[in-house]
Amino acid sequence: MKYIVFGASGFLGRHFVQQARQHGHEVLGTYHLQKREGLLPFNLKNNRLSEIVPADFFSSGPVCAVLCSFISQIDDCFRWKDEARLSNVDGMIRLINDLCEKDAFPVFLSTCAVFDGTAGYYSEESPTGPINEYGRQKLAVEEFLRAHGMASSILRCDKLIGDDAGESHMLSEWYRWANEGRPLVCIQGQMISPTLVTDVARAIVVVCEKRLTGVFHVANPQHCLREELALEFLKALNLRGTVVGKTQQELGFADLRPLKAHLNPLKFIKATGFQFTPVQRIFEVFAQSAKCPPKQVSGHGTVNVLPGK
């Protein structure tokens, strides 16, 4: 199997390329702003598939197209809505049509932000209702794929985190803040499913190898308040620090974030037998990468495993 990864220079895209190559697959990747050696430049707004990708790439063997490329800053999607839609919706749909003409299998990475965040622990059958422009743009692509009956996968994710202190993600930011004596500032009352980025990368490989079609929630079954996660992080790494919860208004966001948009991944787990990495294990590996042995704690503290409701 061959893969083409749009957005291969991003956080998830980089990890997926690594996972796919570890499985022995041929991988071609693109970048937009974050130039990386060995990747092809591709701009959703302006480029067509045939302009960038060699024609013979699609001539032998099945190709899966992993669609990670997206303007993902929530406030940017709000402030420059029309410009963002040209890339995130119009450009993405054009790319999907071009890929389907090549008989490639699209895997679209979507988001928990397609929900309004009032209930939480959403299943794939829960009614959507995004409250921010980013979620509306993701949902527009989802609706296009479903309306046109394309053989594809839509994978909705929640908060992606890493276990490498050298990468840029929420935990490495918290680690830096704690060491600088700064409080860990969190959105007050926001429930999340903190999911290891390499888990999502592995899950995409599984989806493509099994050719799973439809909508799947690919998220850690553990979910907790963001503030509780921050407290557990400090405890697990034996760091001094404080956690401060602030409202979205206090944080000065231009657009809203759903407060309870955590996802129910049981459909995906039942279809694949996939096992997500427990939060405490993520903390332990992070501590090793940061060269600070974690404090031993029992259980998962306030990070609760809730397999269903």
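Residue indices begin from 1 for each chain and proceed along its sequence in written order. Local features in this predicted model are restricted to residues of pLDDT 70 or higher, and side-chain atom pairs are both shown and tallied only at a pLDDT of 80 or more, whereas totals for entire chains, interfaces and linings draw on every residue. To get the side-chain values, take all heavy atoms of the structure and skip hydrogens and water.

Q: I would appreciate a short explanation of the environment of Lys-235 in the present structure.
A: By secondary structure assignment, the location of Lys-235 is in helix α8 (residues 226-236). The spacing of Lys-235 and Phe-283 is 48 residues in sequence and 9.8 Å in space, taken between C-alpha atoms. Strands are runs of DSSP state E lasting at least 2 residues, helices are runs of H or I lasting at least 4, and numbering of each runs from the N terminus.

Q: Is there a simple way to explain the sheet that holds strand β6 (residues 153-157) in this structure?
A: Strands pair in a sheet through their backbones, by hydrogen bonds, and they do so in one of two ways: parallel or antiparallel. Within the open sheet, the 7 strands sit side by side as β3-β2-β1-β4-β5-β6-β11. Their pairing is parallel. Of all the strands in the sheet, the pair left with one neighbour each is β3 (40-41) and β11 (214-217). Contacts were defined at the residue level, with two residues in contact if any of their heavy atoms lie within 4.5 Å. Axes here refer to lines fitted to C-alpha atoms; in helices the fit is confined to the stretch in contact. Angles between the N-to-C directions go from 0 to 180 degrees. Contacts between helix α1 (residues 11-22) and the sheet are confined to β1 (2-6), β2 (26-31), β4 (63-67) and β5 (105-111), with β1 contributing the most and set at about 170° to the helix. Sheet contacts for helix α4 (residues 81-101): β1, β4 and β5; angle to β4, the most-contacted strand, approximately 175°. Only when DSSP finds a minimum of two bridges between them are two strands counted as paired.

Q: Looking at this structure, how should I read the pattern of salt bridges?
A: Pairs can form between side chains of opposite charge whenever their charged atoms are close. A pair is scored as a salt bridge if a Lys or Arg side-chain nitrogen falls within 4 Å of a carboxyl oxygen belonging to Asp or Glu. Using the criterion set out here, one finds 12 salt bridges in the structure. Of the charged contacts in the structure, one is a salt bridge between Arg-14 and Glu-167, with a shortest N-O distance of 3.2 Å. Within this pair, whereas Arg-14 is found in helix α1, its partner Glu-167 is found in the loop between β7 (160-161) and α6 (170-179), the two being separated by 153 residues in sequence. Note on classification: 1.4 Å probe, protein chains only; a residue is buried when its accessible area is under 20% of the maximum for its type, exposed when over 50%, partly exposed between these limits. Assessed through its relative accessible area of 24%, Arg-14 is described here as partly exposed. Across the salt bridge formed by Arg-257 and Asp-75, the nearest N and O atoms sit 2.7 Å from each other. One end of the pair, Arg-257, is in the loop between α9 (248-251) and α10 (266-272); the other, Asp-75, is in helix α3 (residues 74-79), and 182 residues separate them in sequence. Each member of the pair Arg-257 and Asp-75 is classed as buried. Among the ionic contacts, a cluster of salt bridges with common partners joins Arg-85, Glu-133 and Arg-136.

Q: For this particular structure, what's the right way to read the side chain of Arg-226?
A: For Arg-226, the location among the structural elements is in helix α8. When charges are tallied, Lys and Arg are placed among the positive residues and Asp and Glu among the negative ones, while His and the ends of the chain are skipped. Despite being buried, Arg-226 has no salt bridge partner; Asp-158 is the closest side chain of opposite charge, sitting 6.7 Å away. Not counting residues within four places of it along the chain, the set of residues in contact with Arg-226 comprises Lys-159, Met-170, Trp-174, Cys-186, Ile-187, Gln-190 and Ile-192.

Q: Please explain the environment of Ala-178 as it appears in this structure.
A: Examined against the element boundaries, Ala-178 turns out to sit in helix α6. Judged by its relative accessible area of 10%, Ala-178 is buried. As a C-alpha pair, Ala-178 and Val-243 span 65 residues in sequence and 9.6 Å in three-dimensional space.

Such coordinate-based values are descriptive only and should not be taken to indicate function.
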